[in-house]
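A closer look at the structure
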Amino acid sequence: MKLRHTAAIASLAACLVGCLSVTEVVEDEIRVVGSDTMLELDRRLAEGYMRTHPGDTVRVDGGGSGAGIEALIDGRADAAAASRPLSSSEVAALYERFGTLGVRYLVAQDALSVYLNRTNPIRDLGIDQLRGLFDGSISEWSDLGGGSHGVVVVVRPPSSGTHRFFRDHVLGGAPYSPRAVAVPTTRGVLAAVQNDSGAIGYGGLAYHLDGVHHISIEGVAPTPETVGQGRYPLTRYLAFYTSRPATGLTRRFIDWCVSGEGQRIVAEVGYIPLWQS
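The shown structure was predicted, so the numbers you read here are calculated from the model rather than taken from an experiment.

Moving on: unusual backbone geometry. A positive phi angle is found at Glu218, which is not glycine, with a value near 55°. Structurally, the position occupied by Glu218 is in the loop between β10 (216–217) and α8 (224–228). In this structure Glu218 comes out as partly exposed when scored by relative accessible area, which is 49%.

Turning our attention to helix α6 (residues 161–169). Taken together, the buried positions of α6 are Gly161, Thr162, His163, Phe165 and Phe166. Tucked inside the fold, the buried residues of α6 contact α3 (65–74), β4 (103–117), α5 (127–135), β8 (199–204) and β11 (235–242). The backbone nitrogen of Thr162 has a side-chain oxygen 3.0 Å away, supplied by the residue at the start of α6, namely Ser160.

Across soluble globular proteins, nonpolar side chains have a tendency to be buried as a group. One finds Val32, Leu41, Leu45, Val58, Phe240, Phe253 and Tyr271 to be the most contacted residues of the largest nonpolar core, which totals 37 residues. Discounting chain neighbours no more than four positions away, the residues touching Val58 are Ile30, Val32, Ala46, Tyr49, Met50 and Phe253. Core analysis: the second largest hydrophobic core is formed by 30 residues, Leu133, Phe165, Leu205 and Ile217 among them.

Attention shifts here to the pairing of β4. Within a regular beta strand, the side chains point alternately toward one face of the sheet and then the other, so they alternate between its two faces. Buried residues dominate β4, accounting for 12 of its 15 residues. Across 8 bridges, the pairing between β4 and β11 is antiparallel. Following the sheet pairing, Asp110 is matched in β11 by Arg236. Bridge analysis of β4 against β8 gives 5 bridges, and the strand direction is antiparallel. The residue of β8 that forms the bridge with Leu116 is Ile200. When β4 meets strand β9 (residues 212–214), the two strands line up antiparallel, connected through 3 bridges. Bridging across to β9, Asn117 finds its partner in Val212.

We now examine the environment of Ile30. With respect to the helices, strands and loops of the structure, Ile30 is situated in strand β1 (residues 29–34). Taking the C-alpha atoms as reference, Ile30 lies 6.4 Å from Thr57; in sequence the two are 27 residues apart. Not counting residues up to four positions away in its chain, the partners in contact with Ile30 are Thr57, Val58, Arg59, Asp78, Leu249, Thr250 and Phe253.

Where helix α2 (residues 39–52) meets helix α10 (residues 260–269), the axes come as close as 10 Å, and the angle between the chain directions of the two elements is 145°. Between α2 and α10 lies a crossing of right-handed hand. Contact with α2, carried on its side by Leu41, Arg44, Leu45, Gly48 and Thr52, involves Glu261, Gly262, Ile265, Val266, Glu268 and Val269 of α10 and no other residues of that element. Classifying every residue of the contact of α2 with α10 gives 5 nonpolar, 3 polar and 3 charged.

Of all residues in the chain, 90% have pLDDT values of 70 or greater, and the mean over the chain is 90. Low pLDDT, under 50, characterises residues 1–26; the stretch is placed with 0 contacts to residues that sit more than four places away or in other chains.

Per the stated rule, a full pass over the model turns up 12 salt bridges. Arg84 is the salt-bridge partner of Glu90, the closest N and O atoms lying 2.7 Å from each other. Each member of the pair Glu90 and Arg84 is classed as buried. With its nearest N and O atoms 2.9 Å apart, the salt bridge here joins Arg236 to Asp110. Taken together, the residues span a long stretch of sequence, with Arg236 in strand β11 and Asp110 in strand β4 at a distance of 126 residues. With a relative accessible area of 4%, Arg236 lands in the buried category. A residue is classified by how much of its surface remains accessible, and Asp110, at 0% relative accessible area, is buried.

What counts, and at which threshold
- Residues numbered from 1 in each chain as written.
- Predicted model: local features only at pLDDT ≥ 70, side-chain atom pairs only at ≥ 80, totals over all residues.
- Heavy atoms only, no water.
- Helix = DSSP H or I, 4+ residues; strand = E, 2+ residues; numbered from the N terminus.
- Buried < 20%, exposed > 50% of the residue type's maximum accessible area, 1.4 Å probe, protein only.
- Contact = heavy atoms within 4.5 Å.
- Polar contact = N/O pair within 3.5 Å; in protein donor to acceptor, adjacent residues only side chain to side chain.
- Core = buried A, V, L, I, M, F, W, Y, C linked by side-chain atoms within 4.5 Å.
- Pairing = 2+ DSSP bridges.
- Axes fitted to C-alpha atoms, helices over the stretch in contact; angles between N-to-C directions.
- Left-handed = near helix turned anticlockwise from the far one by under 90°.
- Nonpolar A, V, L, I, M, F, W, Y, C, P; charged D, E, K, R; others polar.
- pLDDT = per-residue confidence, 0-100.
- Salt bridge = Lys/Arg side-chain N within 4 Å of Asp/Glu carboxyl O.

Here it is as structure tokens:
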């Protein structure tokens with residue numbers, strides 16, 4: 001009896017160890033948080049991945065690139081979706097928390113489009129004109145041959161990677177006009193431009209709305225062709241960031257996103273694939 005009792009305990013212990021081992025290695029859910037510009041793309045990528053990988057779950061949330069990177073640093077996200085590079089303070093925070101500088105995985109190319117209301121006759125602006133409009137030094141469309149309306153500047157909030165990218169690449173790091181109106185989402189920017197004939201805003205290439213034009217910059221229209229050829233001046237990469245080199249489900253998901261299947265979704269959503277399949 002004692003021998004059988006001992007054997008039963010040993011068997012139970014082995015089962016428990018085996019179950020714990022399985023629990024440790026089974027990883028069936030990750031969370032991706034961040035860029036509003038990437039939100040629709042990330043959702044489509046997650047849906048496509050989960051269709052072909054039953055049992056794996058990819059949860060996607062927006063909030064802006066800054067919010068995603070903050071969630072990554074705090075351990076509330078497995079990957080941050082961002083439309084801009086990490087700032088020096090974000091890199092420092094990652095290093096303090098994880099002892100690493102973060103890892104970037106490119107997902108797609110994007111053009112930062114400039115939006116005008118369809119009643120505005122302007123269809124092309126130079127970088128210097130854009131700077132004047134968004135820093136407030138040009139306050140009337142008549143100064144540019146665009147009618148008698150006052151300029152209404154619509155921007156993304158500071159937590160947005162798009163806000164920072166435009167400020168850095170168009171305004172040279174200078175502040176936006178004090179009269180600028182901040183709108184939380186790209187779709188909100190489009191709606192604001194649609195509803196105001198004097199409005200100007202910006203956002204990702206993949207976003208469209210009736211009554212809103214994507215204008216040319218320096219004579220070059222924002223199209224997949226001009227972005228892929230490096231001709232359009234406001235071009236950027238969209239990426240996932242992880243605190244350490246991705247492993248497990250996070251790595252499988254990222255690898256799928258840059259595969260032929262994932263890059264086809266990138267093109268379907270309206271962004272530019274990293275390569276042509």
